Every structure is written in structure tokens, then in C-alpha cells.
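# Working through the structure, step by step
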Amino acid sequence: MTDFYFQRIVKYACGSTLFLDYAIQYGADAVYLGMVDFSLRAMRKGELITLDNLKDCIDLAHSFDKKVYLTLNIFAYSDDINQMIECAERIHDANPDAILFSDFGVYNVIRKYMSKIPIHVSTQTNILNYETDRQRRFSSGDREKNEKSIMFCIAKHSTCAK
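Since the model is a prediction, treat every value here as computed from it, not as a measurement. (Residues numbered from 1 in each chain as written. Predicted model: local features only at pLDDT ≥ 70, side-chain atom pairs only at ≥ 80, totals over all residues. Heavy atoms only, no water.)

## A short note on the packing of aromatic side chains
Throughout the structure, instances matching the rule amount to five aromatic pairs. Members of the aromatic cluster, connected to one another through ring pairs, are Phe101, Phe104 and Tyr107. (Phe/Tyr/Trp six-rings, centres within 6.5 Å; stacked < 30°, edge-to-face > 60°.)

## Here we look at the environment of phenylalanine 75
You can see phenylalanine 75 is positioned in the loop between β3 (67–72) and α3 (78–94). By relative accessible area, phenylalanine 75 is classed as partly exposed at 38%. Taking the C-alpha atoms as reference points, phenylalanine 75 and serine 39, 36 residues apart in sequence, are found 9.0 Å from one another. When sequence neighbours within four positions are dropped, the list of residues in contact with phenylalanine 75 reads Leu40, Asp80, Ser102, Asp103, Gln124 and Asn126. (Helix = DSSP H or I, 4+ residues; strand = E, 2+ residues; numbered from the N terminus. Buried < 20%, exposed > 50% of the residue type's maximum accessible area, 1.4 Å probe, protein only. Contact = heavy atoms within 4.5 Å.)

## With respect to the environment of leucine 40
Relative to the assigned elements, leucine 40 resides in the loop between β2 (30–34) and α2 (54–63). Considering only alpha carbons, one finds leucine 40 and asparagine 73, 33 residues apart in sequence, at a separation of 6.1 Å. The residues contacting leucine 40, other than those within four sequence positions of it, are Asn73, Ile74, Phe75 and Gln124.

## Considerations on the confidence of the model for the protein
Residues of the protein with pLDDT of at least 70 account for 72%, and the chain-wide mean is 78. For the protein, per-element mean pLDDT is lowest for strand β6 (residues 144–146), which scores 44, and highest for α2, which scores 96. Contacts of residues 141–162 to residues separated by more than four positions or lying in other chains number 40 contacts, the stretch itself having pLDDT below 50. (pLDDT = per-residue confidence, 0-100.)

## Section: the pattern of salt bridges
Applying the stated criterion across every chain, the model contains two salt bridges. Here arginine 90 ties to aspartate 52 by a salt bridge, and the two come within 3.2 Å at their closest N and O atoms. Of the two residues, arginine 90 is situated in helix α3 and aspartate 52 in the loop between β2 and α2; the sequence distance between them amounts to 38 residues. According to the relative accessible area criterion, aspartate 52 is exposed, its value standing at 63%. Two residues, aspartate 59 and lysine 55, come together in a salt bridge whose shortest N-O distance is 3.3 Å. With aspartate 59 and lysine 55 both in helix α2 and four residues apart, this pair spans about one turn of that helix. (Salt bridge = Lys/Arg side-chain N within 4 Å of Asp/Glu carboxyl O.)

Next comes the structure, spelled out in C-alpha cells:
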């Protein structure tokens, strides 16, 4: 029989401060924080995670030695990009352990305005064609990691197949 060592990492999605408290109390190792304006899974109950309380939420999680992944995983319109640029300094100062993105316009904002924060590709990212796959590969430097392996490769055109 082969012995395997498995590291248990419990991650919990939190769109409100209530769920952040639950995640900490019940032993999550890391939390995904969804800000109300920039997350696909932002909750609509309890005290929402906003730009105004983001730093306090991250500081709370860090005080319990929890990692914090901030999800900026909306499919952004131009107005969203402009709003994110306006919020970038405060997001950077809140000090998340990493940011997850799903939109390459958001990726560009993170690279330009929050360059010291590690970037992860969200599982919400749509890769439906070889040009997007090529952009993802071109954009994936040392700072970026796929949160989950992207299993889908575009058959003939994808560099995955080669």
C-alpha cells in the first residue's frame, strides 16, 4: 500500500461579513471574498463586503492566519473597468493574498494598478476560442496561477494539444 500525504485546505466563498465569520469559526484555511461590485457571487444578505469594509475583513482573516483571495471575477463593462481603476489603490492597500479574475480587461487593470498582488485565473473565466486561450497563455507569467487547471483545450488551434 502506498502512503500519500494530502494537505487539507478548506476554502470558503464569502460574499458577506456573516459568511466570513462562519468560515473563520468553522476552520477554513482560506476565504474567497467577493466584493459587491466586482464579484459574480456577491451575496445579497447580511453586511456585504464593500470597498469600505474590505480592509477590515482582510485584516480579520489575516489575524486568524487565513489566506484571503479577492474575487474580481465579473465580466466587466467599460464603466466597471473605470470604477475598478478608481478603487485600485484601496484594494491594493487592503492587502489580499491574491486576486482572482475572469475578464482580461480586469486582468490588465490588476497588472497596471495592483502589480504586487499575485493573480489567479478564476474558474469563472470563459475560454471559448483559441485567441482567448493564446491570450491566457501569453498573460500567464510567474505571478499568475490557474486556481483549477483549465481542462478544456480548443482542439485544433489550442497550444494545449501541442
